[in-house]
Amino acid sequence: MQNNLNLLMNSILEAPVWVQEVIYLDIQKRLKEKLASVSNPDTTGEIYSIFVPEITFKGKKELETHENGLDFNIYKYLEAASNNLRVIDITLNNFWTLEESSCYLAECIKREFIKNPSDPVLSASVFYIAGEIRIGEYVKRLNKINIEELDNVLRKQKQHNQEHPEERLKAGEIMISMGYVANKDIDKILYTKEEAKKRFILSNLQKSAQQPAAISQHSVEYEAKIKELTALNQKLAAENNLLKDKLRAIFNIQNKNKQ
């Protein structure tokens, strides 16, 4: 399987060091600007996209037998997990959004085909991005609030929205107003969810990767055309020689008759 992220990385790593340095500095600067209000870009332990899903024995058996006749993408995910690929590699290789990828991963975890991440942040991220849980449950799984506090939030949200239907509040806003979480925490969660809906396709790199095959195909077609034209030329030359022979024969007969 072609690893699309490796195509991108290799194109960068093959560049001169002085180019790599500028790329590194530019990306670092942009990340700090883009994520400054929602997270610390240097915290790698909580980056969901670099998580490596671990397939279970049950998952390996399902991959071999297709016993349950599941969505084909589930088997694609299991195949990738059996090769120890990261979430980002699985997602990019299949041209999925992170949201789509998370839906397949969440389904695999629920069916015990893939182990649920031991890190509560990663586990909660999978199910939240997949749309399996709401923001209140997500925050609870991070141990930022307990079940009683979550019930209070939902109760207050329901009451407020019934009394003020024109000014409806979301659970995140209620949690902030009750002091359970900070604005930054909710911003990070919502930002991650929104970004997960975006699709990233390495179209230019794919064209480059496909170019040798395309050139090879053109070469084969070109050689076939040359052979076809050569054969046609030989056929026309033979017919031309035959016509000349016939004309000579006619000319000779006419000369004999004149004599």
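Located above this text is the structure these notes cover.
Bear in mind that the values here come from a model prediction, so they are computed numbers and not experimental data.

Before going further, it helps to spend a moment on the packing of aromatic side chains. Applying the stated rule across the entire model yields three aromatic pairs. Each ring, one from Tyr128 and one from Tyr138, has its centre 4.8 Å from the other, and the planes form 45°; the classification is tilted. You can see Tyr128 sitting in helix H7 (residues 120-129) and its partner Tyr138 sitting in helix H8 (residues 135-141), a full 10 residues away along the chain. No difference in accessibility class separates Tyr128 from Tyr138, as the two residues are buried. Through pairs of rings, three or more aromatic residues link up here, namely Tyr77, Trp96 and Tyr104.

A few words now on the packing of helix H3 (residues 57-65) against helix H4 (residues 72-82). Following both chains from N to C, one finds H3 and H4 inclined at 125°, their axes separated by 10 Å at the closest point. With respect to H4, the axis of H3 lies oblique. Regarding H3 and H4, the two cross each other, and that crossing is left-handed. Across from Gly59, Glu62 and Leu63 in H3, the residues of H4 making contact are Tyr75, Leu78, Glu79 and Ser82.

Here we take up H3. For an α-helix the count is 3.6 residues per turn, leaving residues at separations of three or four pointing the same way. Those residues of H3 not exposed but buried are Gly59, Glu62 and Leu63. With its buried residues spanning 100° around the axis, H3 presents them on a single face. Of the residues in H3, the exposed ones pointing more than 90 degrees away from the buried face are Phe57 and Glu64. Residues of H3 that are buried make contact with H4.

Moving on, we come to the side chain of Thr56. Along the chain, Thr56 turns up in the loop between helix H2 (17-35) and H3. Residue contacts for Thr56: discarding those within four places in its chain leaves Glu112, Phe113, Ile114 and Lys115.

This brings us to the layout of surface pockets. If you add up the space inside the second largest pocket, you get close to 390 Å³. Every residue lining the second largest pocket is counted, 18 residues in all, and those nearest its centre are Tyr128, Arg134, Ile135, Lys170 and Ala171. Among the elements of the structure, H8, helix H9 (147-163), helix H10 (171-177) and helix H11 (183-195) are those that each provide at least two residues to the lining of the second largest pocket. The residue makeup of the lining of the second largest pocket, split by class, is eight nonpolar, four polar and six charged.

Bringing the environment of Tyr180 into the picture now. With respect to the helices, strands and loops of the structure, Tyr180 is situated in the loop between H10 and H11. On the basis of relative accessibility, which here comes to 21%, the residue Tyr180 falls in the partly exposed class. For the pair Tyr180 and Glu149, spaced 31 residues apart in sequence, the C-alpha to C-alpha distance is 8.1 Å. Apart from the residues within four sequence positions on either side, Tyr180 is in contact with Lys144, Ile145, Glu149, Asn152, Val153 and Met175.

With 46 residues, the main nonpolar core has Tyr48, Leu78 and Leu105 as its most contacted residues. Sorting the residues of this core by element identifies H4, helix H5 (87-93), helix H6 (98-110), H7, H8, H9, H10 and H11 as the ones contributing at least two each. The greatest single-element share of this core, amounting to seven residues, is contributed by H7. Beyond its immediate chain neighbours, meaning those up to four positions away, Leu105 contacts Tyr48, Phe51, Pro53, Tyr77, Val87, Ile114 and Val126.

Reading the values: the criteria
Residues numbered from 1 in each chain as written. Predicted model: local features only at pLDDT ≥ 70, side-chain atom pairs only at ≥ 80, totals over all residues. Heavy atoms only, no water. Phe/Tyr/Trp six-rings, centres within 6.5 Å; stacked < 30°, edge-to-face > 60°. Helix = DSSP H or I, 4+ residues; strand = E, 2+ residues; numbered from the N terminus. Buried < 20%, exposed > 50% of the residue type's maximum accessible area, 1.4 Å probe, protein only. Axes fitted to C-alpha atoms, helices over the stretch in contact; angles between N-to-C directions. Parallel < 35°, antiparallel > 145°, perpendicular 65-115°, else oblique. Left-handed = near helix turned anticlockwise from the far one by under 90°. Contact = heavy atoms within 4.5 Å. Arc of directions from axis to C-beta. 1 Å grid on protein atoms, 1.4 Å probe; cavity = no way out; pocket = protein on both sides within 12 Å on 5 of 7 lines; lining within 4 Å. Points joined across faces, edges and corners; volume = space filled by probe spheres on them. Nonpolar A, V, L, I, M, F, W, Y, C, P; charged D, E, K, R; others polar. Core = buried A, V, L, I, M, F, W, Y, C linked by side-chain atoms within 4.5 Å.

The analysis is restricted to geometry; functional conclusions fall outside its scope.
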